[in-house]
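One-letter residues, chain by chain:
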Amino acid sequence: MAVDYSLYLVTDSGLVPPGTTLEEQVEKAIKGGVTLVQLREKDTETKDFIKKAKKIHDLTKKAGIPLLINDRLDVALAIDAEGVHIGQEDIDVATARKLLGPDKIIGISVTYVSEATKAVEDGADYLGVGAVYDTSTKIPKNPPIGISGLRKILSYLSSVKTYIPAVAIGSVNLATARNVMHLSAVPGRSLDGIAVVSAIIASADPESTSREMLNMVKEAPYWMSVINDRTPSAILNDIPALLAKVQEEGPLVHQLINRVAINFAANVTLAIGASPVMSENIPEFGDLASVPSSSLLVNMNSAVPESLDRYIAATTKYNLQLRPVVLDPVGAGFSSLRREAVKTLLNRAHFDIIKGNEGEIFTVAGETSSMRGVDSTGNSTIEKKVHIAEGLATKEKTIVVMTGPQDIISDGLTTFVLSNGHEYLSHITASGCVLGSILAACSVVSKEDRFLAAVAAVLMFTIAAERAAVAPGVRGPGTFIPVLLDELYILKQMCANNDSSWLEQARIERYLLTT
Ligand SMILES: Nc1ncnc2c1ncn2[C@@H]1O[C@H](COP(=O)(O)OP(=O)(O)OP(=O)(O)O)[C@@H](O)[C@H]1O
Ligand SMILES: Cc1ncsc1CCO
Ligand SMILES: [Mg+2]
């Protein structure tokens, strides 16, 4: 029997809403598209368990989908279920196989690569991997593994000769399902589906919840695709229209941004024709994320727990609506608090663009970095920097912008090195932060091509800086700042008037790693 693991419903009678029954909830979920059911009854007497299992089995048989029984081989045998799911503390796979024979499905819960390795050697039919996040439906034995933990298992599975299906479990719900499913993919391997407990069992409308979750599993989000064969000249051609579109659409750029940068960022956002909104109020994030032309900038200000909760709340809303999110991991490398905050964020959220200086990007990529406060003190070779940027872009399905005297922009497949800008930018505060605002604005009007959006944003900012630095009356960082705003405003107007002459001073080339 070919099993479809896309949407795997795991039951828990204790979570059924009042006024309905487990059978009714399962029936509705099956209508909504659940592809596999596991009956998990921890505190039910054997007699009642078998009775319940029979009823649920009638439903799954009618729908032509398998029913697996959690832990209890006797119950599975008694009702001739299609298989069992066993935990690390339950019976071992080899013995289960002996008792059930070759045709029954035997799945096993795993958390670590060592457990996955053993399960594969023992001949398990599929792996339930988790818990991905903290869950209320089960007391966790191990700390949640997050998306990074899923990737470890999938990398291992990609190296195994026989194909072993894998599903993720542990707080997979409407808010997390899409990222769990797609962000966890590694080159050559992705999850086969998601296992869901409370999101469906406790739902007031299990049918539509299931349908929505199945869609999330089956439809790859826009950020899964990378465009091939990019050239600097083709990109340069598309930039004026993109920047003109920013002005036309006037996207709303929601910015969670540090206090040093907040006013400058709002002014820069306005200068390029977008609208800033600096809301820190979690209850209004949903409304902001519902604005059709909007994006989010998460500029880490400090990683105290409340800020981190706020970042997660905001990215969750924007990710759910498929609206762009830009991450600026300010000072990521200078404290363990910030390093941990970045890890937590990346274990949940998808970012369309991750922008930072060398120290910040190296930290996000899991490399050691040298940072003094919020400033990078790194001076790696260009090869090393490109290598890190490409690896991070591929892993996180994002565009990486690594700033410095030269800016490196990569989607994992193509990497450009941009050499515009002016020294003054390193003598004013928040120059990197406000670049984040421009990136967030540009990504709204070019969501499908965020690499283009990133190059447009960086060139607009750095060329404006070059022009400002030589403008009459500019003598240093102080006089530079207001004229930088003027020049951004002027470049925006030039784009609206189809004047792309300013792009003639772009210094941009493709970088090819010699591997
Ligand atoms: N020496 C330089 N010459 C030219 N451009 C520069 C120079 N230093 C920085 N820039 C430009 O300034 C912008 C910000 O980059 P930078 O690496 O300074 O960010 P950052 O350290 O995160 O800034 P901040 O922390 O102040 O917000 C980028 O567009 C970059 O190209
Ligand atoms: C100086 C400073 N400190 C925290 S954030 C910030 C702005 C530059 O990122
Ligand atoms: Mg700087």
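All of the points below concern the structure found in this document. Source: prediction; values computed, not measured.

Moving on: the sheet that holds strand 19 (residues 508–510). Strand order in this open sheet of nine strands is 10-9-11-12-13-16-17-18-19, and the pairing throughout is mixed. The strands lining the two open edges of the sheet, one partner per strand, are strand 10 (275–277) and strand 19. Between one strand axis and the next, the sheet turns through 20 degrees on average, direction left out of account. With four bridges connecting them, strand 17 (residues 407–410) and strand 18 (residues 415–418) associate as antiparallel partners.

In this structure, the largest pocket occupies an estimated 1100 Å³ of space. Lining the largest pocket are 42 residues, with N357, D375, T403, S431 and G432 sitting closest to its centre.

So, on to the packing of aromatic side chains. Any pair of aromatic rings gets described here by the distance separating the centres and the angle formed by the planes. Under the definition given, this model contains four aromatic pairs. Relative to Y126, the ring of Y8 lies with its centre 5.8 Å away and its plane at 75 degrees, an arrangement referred to as edge-to-face. Within this pair, whereas Y8 is found in strand 1 (residues 7–10), its partner Y126 is found in strand 6 (residues 126–130), the two being separated by 118 residues in sequence. Here the aromatic cluster, defined as three or more aromatic residues joined through ring pairs, consists of Y5, Y8 and Y126. One cation-aromatic arrangement involves R348 over Y133; the distance from NZ or CZ to the ring centre is 4.2 Å. Taking NZ or CZ as reference, K447 lies 4.6 Å from the ring centre of Y222, over its face.

Right, let's talk about the environment of T414 for a bit. By the element assignment, T414 lies in the loop between strand 17 and strand 18. Here the alpha-carbon distance between T414 and V386, two residues 28 residues apart in the chain, equals 10.0 Å. The residues contacting T414, other than those within four sequence positions of it, are I227, R230, I409, F451 and R510.

Between its terminal C-alpha atoms helix 9 (residues 206–218) stretches 18 Å, which fits the 18 Å expected from 13 residues at 1.5 Å a residue. Among the residues of helix 9, those classed as buried are P206, T209, S210, M213, L214, M216 and V217. The buried side chains of helix 9 occupy one side of the element, clustering within an arc of 155 degrees when seen end-on. Considering only its buried residues, helix 9 is in contact with strand 1, helix 1 (22–31), helix 7 (177–183), strand 8 (193–196), helix 8 (198–201) and helix 13 (305–320).

Now for empty space enclosed by the protein. Per the counting criterion, the structure on display carries two cavities of 30 Å³ or more. Taken as a whole, the largest cavity holds about 110 Å³ of empty space. What lines the largest cavity is a set of 14 residues, among which S225, V226, I399, D411 and R450 lie closest to the centre. Of the volumes computed, that of the second largest cavity is approximately 30 Å³. Lining the second largest cavity, in full, are L174, A175, R178, N179, M216, T316, N319 and L320. Put simply, the parts of the chain that give the lining of the second largest cavity at least two residues each are helix 7 and helix 13. Within the lining of the second largest cavity, the residues separate by chemical class into four nonpolar, three polar and one charged.

Cut-offs used in this document
Residues numbered from 1 in each chain as written. Chains lettered and ligands numbered in written order. Predicted model: local features only at pLDDT ≥ 70, side-chain atom pairs only at ≥ 80, totals over all residues. Heavy atoms only, no water. Pairing = 2+ DSSP bridges. Helix = DSSP H or I, 4+ residues; strand = E, 2+ residues; numbered from the N terminus. Axes fitted to C-alpha atoms, helices over the stretch in contact; angles between N-to-C directions. 1 Å grid on protein atoms, 1.4 Å probe; cavity = no way out; pocket = protein on both sides within 12 Å on 5 of 7 lines; lining within 4 Å. Points joined across faces, edges and corners; volume = space filled by probe spheres on them. Phe/Tyr/Trp six-rings, centres within 6.5 Å; stacked < 30°, edge-to-face > 60°. Lys NZ or Arg CZ within 6 Å of the ring centre and 35° of its normal. Contact = heavy atoms within 4.5 Å. Expected span 1.5 Å × (residues − 1). Buried < 20%, exposed > 50% of the residue type's maximum accessible area, 1.4 Å probe, protein only. Arc of directions from axis to C-beta. Nonpolar A, V, L, I, M, F, W, Y, C, P; charged D, E, K, R; others polar.

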